[in-house]
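# Commentary on secondary and tertiary structure
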Amino acid sequence: MNANQRKRWLGLVLVFFVCVLGLSSPFQHFAAFPNELRLFSGQLKQLDYGMPVHAQVTVDPSILHVNGSKGRSLSVDLNKPLSLQTEHSGETTMKLKLFGKIPFKTVKVNVVPDLRVIPGGQTIGVKVKSAGIMIVGHHQVATSKGVKVSPGETANLQLGDLITHINGKSIHEVKLVADLAEQAGKAKKPLQLTVKRGERTFDTKLDPIYDAEDQAWRLGLYIRDSAAGVGTLTFYAPDQGVYGALGHVITDMDTQTPIEVGDGQILQSHVTSINKSQNGEPGEKRATFVKEGKVLGNIERNTPFGIFGKMNELPTHSYDSQALPVAFAEEVKEGPAQLLTVVNGQKVERFNVEIVHVTKQASPATKGMVIKITDPRLIEQTGGIVQGMSGSPIIQNGKLIGAVTHVFVNDPTSGYGCFIEWMLQDAGVLLKTEGANLKAA
């Protein structure tokens, strides 16, 4: 056997051993173990290395206790689970050395103050006023010469644009635009517009045209200033007096662009009937406002993870008024869970679901988990997930983990959910700090 053949065989043997090592249970436990842990104050967590070796662990005992020890350093058997008990909020580093000498693993541990919120499940009415006039379409104006043009298109205004000012004054109501158009048309002066398109704001001019058919001055635009619908309350944080709902952004029905909120309200609602979901056709909750449209809270933000604002008291008809602990995204596991929602009247009920897939997310992103409705009662009454169920809180192992967001059109018993962690950040209850560390507000 020549030198090249020996090198080739040696390479194959090394590849074989690397593959065997990579597939071994201890190596997989080590590789999957995070470099950073986030825990709530008072939380108990177990870590399983599954490695038949002893190690020396060093931590700050004022923040974290390992295996019940209040000492700074102790010897542990990594073949047995490590029990971590948080003591106070703060940051510490957990260092593990094999046989007390060989550096093995360093884990950054961030302990934040305990956080509990009251899960929702109540059906709510949503009324949103945009922070300006939304452009949702163009239309042609018939001039006196028989030519049809759209002044809005001529001014390069696009669907989804938001008119925030006309002639230097803020504008929020559609009904005021017609008078401004008539005044400008008669004076033969263009309207001076301030327009927001995405993150960019610019000024432009718009010349109204007299519509020979309607006998009125027109802008050649279809516009809207508000939206309304039905959704589900996800949580109420009594210590901060804020809520979160829906689990997804509110978009304009025509342009599908997110609505920038000027102001808005959520109102107590009553489910009157359910249009059941079926393959290819999502159903919906039908609901009406109750108690003369009792206002539960305001709407301050509309984000990819829902709507958020102030709420001064717990809404009635809660499933349970007791606050629950919340879970970080990495704590959510595949397996059984429960969902809180209303299918009749105002009664919040608890139904069984299965978390069938969890996406690892170190930063905010939608579609964090895939859920499947397994409760035959809910399937019988709704066919699965229906419109208006978005925001329904999901509970696993006694913790609030997320909210329903979307239904799969071709399988209405399944859909997406988002992690509660991202909703709590947008509500201002859980604040993101430098280095992706988190603290409770």
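The structure this text deals with has already been given above.
Figured I'd write up the structure that's included with this text. (Residues numbered from 1 in each chain as written. Predicted model: local features only at pLDDT ≥ 70, side-chain atom pairs only at ≥ 80, totals over all residues. Heavy atoms only, no water.)

### Regarding the overall build of the protein chain
Scanning the protein chain from N- to C-terminus turns up 6 helices and 34 strands. Here the protein chain holds 441 residues, and 46% of them are scored as buried. Partitioning the intrachain contacts of the protein chain with sequence separation of at least 6 by distance along the chain shows that 66% fall at a separation of at least 24. With an accessible surface of roughly 21,800 Å², the protein chain has 52% of that area assigned to carbon and sulfur atoms. (Helix = DSSP H or I, 4+ residues; strand = E, 2+ residues; numbered from the N terminus. Buried < 20%, exposed > 50% of the residue type's maximum accessible area, 1.4 Å probe, protein only. Contact = heavy atoms within 4.5 Å. Areas by Shrake-Rupley, 256 points an atom, 1.4 Å probe, with all protein chains shown as cover.)

### Some words on the environment of Arg-38
When you line up the elements, Arg-38 lands in strand β1 (residues 36-40). What makes Arg-38 buried here is its relative accessible area of 12%. Residues Arg-38 and Phe-328, 290 residues apart in the sequence, show an inter-C-alpha distance of 7.7 Å. In this structure the side chain of Arg-38 is engaged in a polar contact, spanning 2.6 Å, whose partner is the side chain of Glu-330. Here the side chain of Arg-38 touches Glu-421 through a polar contact of 2.6 Å, side chain to side chain. (Polar contact = N/O pair within 3.5 Å; in protein donor to acceptor, adjacent residues only side chain to side chain.)

### A look at the sheet that holds strand β3 (residues 54-58)
If you trace the 5 strands from one edge of the open sheet to the other, you get β1-β8-β7-β3-β5, paired in mixed fashion. Of all the strands in the sheet, the pair left with one neighbour each is β1 and β5 (73-77). Neighbour to neighbour, the strand axes of the sheet diverge by 25° on average, direction disregarded. Bridging between β3 and β5 involves 5 bridges; their strand directions are antiparallel. Bridge pairing links Gln-56 to Ser-75 in β5. (Pairing = 2+ DSSP bridges. Axes fitted to C-alpha atoms, helices over the stretch in contact; angles between N-to-C directions.)

### A closer look at unusual backbone geometry
The phi dihedral of Asn-67 falls on the positive side, at around 55°, and the residue is not glycine. Along the chain, Asn-67 falls in the loop between β4 (64-66) and β5. Backbone geometry at Gln-215 places phi at a positive 60°, although glycine is not the residue there. With respect to the element layout, Gln-215 can be found in the loop between β17 (209-211) and β18 (216-218).

### A word on the sheet that holds strand β28 (residues 348-358)
The 6 strands are arranged β27-β28-β29-β32-β31-β30 in a closed barrel whose pairing can be described as antiparallel. Sheet twist, expressed as the average angle between the axes of neighbouring strands with direction ignored, equals 45°. Judged from the 5 bridges that link them, β28 and strand β29 (residues 369-373) form a sheet pairing that is antiparallel. Within β29, the residue paired with His-357 across the bridge is Val-370.

### Some remarks on helix α4 (residues 177-186)
All of the buried residues along α4 are Val-177, Ala-181, Ala-184 and Gly-185. Angular distribution of buried residues about the axis of α4 spans 100°; they occupy a single face of the element. Along α4, the residues that are exposed and aim more than 90 degrees away from the buried face are Gln-183 and Lys-186. Looking at the buried side of α4, the elements it contacts are β10 (123-138), β13 (162-166), β15 (191-197), β18 and β19 (221-237). Within two residues after α4, Lys-188 carries a phi angle of roughly 55°, on the positive side. (Arc of directions from axis to C-beta.)

### Observations concerning the pairing of strand β21 (residues 261-275)
The side chains of a regular strand alternate, residue by residue, between the two faces of the sheet. Inspection of the sheet shows β10 paired to β21 by 7 bridges, in the antiparallel sense. Bridging across to β21, Lys-129 finds its partner in Asp-263. Both β21 and strand β23 (residues 295-298) contribute to a ladder of 3 bridges, which runs antiparallel. Bridge pairing in β23 places Gln-265 opposite Asn-298.

### What to know about the side chain of Gln-43
Note on placement: Gln-43 falls in the loop between β1 and β2 (44-47). At 2.9 Å, the side chain of Gln-43 forms a polar contact with the backbone nitrogen of Phe-40. A distance of 3.3 Å separates polar atoms of two side chains, one belonging to Gln-43 and the other to Glu-331. Excluding residues that lie within four positions of it along the chain, Gln-43 makes contacts with Leu-84, Gln-85, Thr-86, Glu-331 and Lys-399.

### Things to note about helix α6 (residues 420-427)
The element α6 is largely enclosed, with a buried count of 7 among its 8 residues. What α6 keeps buried is the set Ile-420, Glu-421, Trp-422, Met-423, Leu-424, Gln-425 and Ala-427. Backbone geometry just downstream of α6 places Gly-428 in the positive-phi region, at approximately 85°.

### Considerations on the pattern of salt bridges
Within this structure, the stated rule accounts for 17 salt bridges. Of the charged contacts in the structure, one is a salt bridge between Arg-116 and Asp-114, with a shortest N-O distance of 3.1 Å. Judged by its relative accessible area of 42%, Arg-116 is partly exposed. In this structure, Glu-182 and Lys-186 form a salt bridge, with 2.9 Å as the shortest nitrogen-oxygen distance. Of this pair, Glu-182 and Lys-186 both sit in helix α4, 4 residues apart, which is roughly one turn of that helix. Here Lys-186 falls in the exposed class, since its relative accessible area comes to 57%. (Salt bridge = Lys/Arg side-chain N within 4 Å of Asp/Glu carboxyl O.)

### Side note on the packing of aromatic side chains
Enumeration according to the criterion identifies 3 aromatic pairs in this entry. Measuring from centroid to centroid gives 4.5 Å for Phe-40 and Phe-328, while their planes differ by 0°, and the two rings are stacked. One end of the pair, Phe-40, is in strand β1; the other, Phe-328, is in the loop between β26 (324-325) and β27 (335-342), and 288 residues separate them in sequence. Classification of Phe-40 as buried rests on a relative accessible area of 4%. Between Phe-408 and Tyr-416, the aromatic rings sit 4.9 Å apart at their centres with planes inclined by 80°, giving edge-to-face as the arrangement. Overall, Phe-408 belongs to the partly exposed group, its relative accessible area being 25%. Over the ring of Phe-328 we find Arg-38, and its NZ or CZ is 4.4 Å from the ring centre. (Phe/Tyr/Trp six-rings, centres within 6.5 Å; stacked < 30°, edge-to-face > 60°. Lys NZ or Arg CZ within 6 Å of the ring centre and 35° of its normal.)

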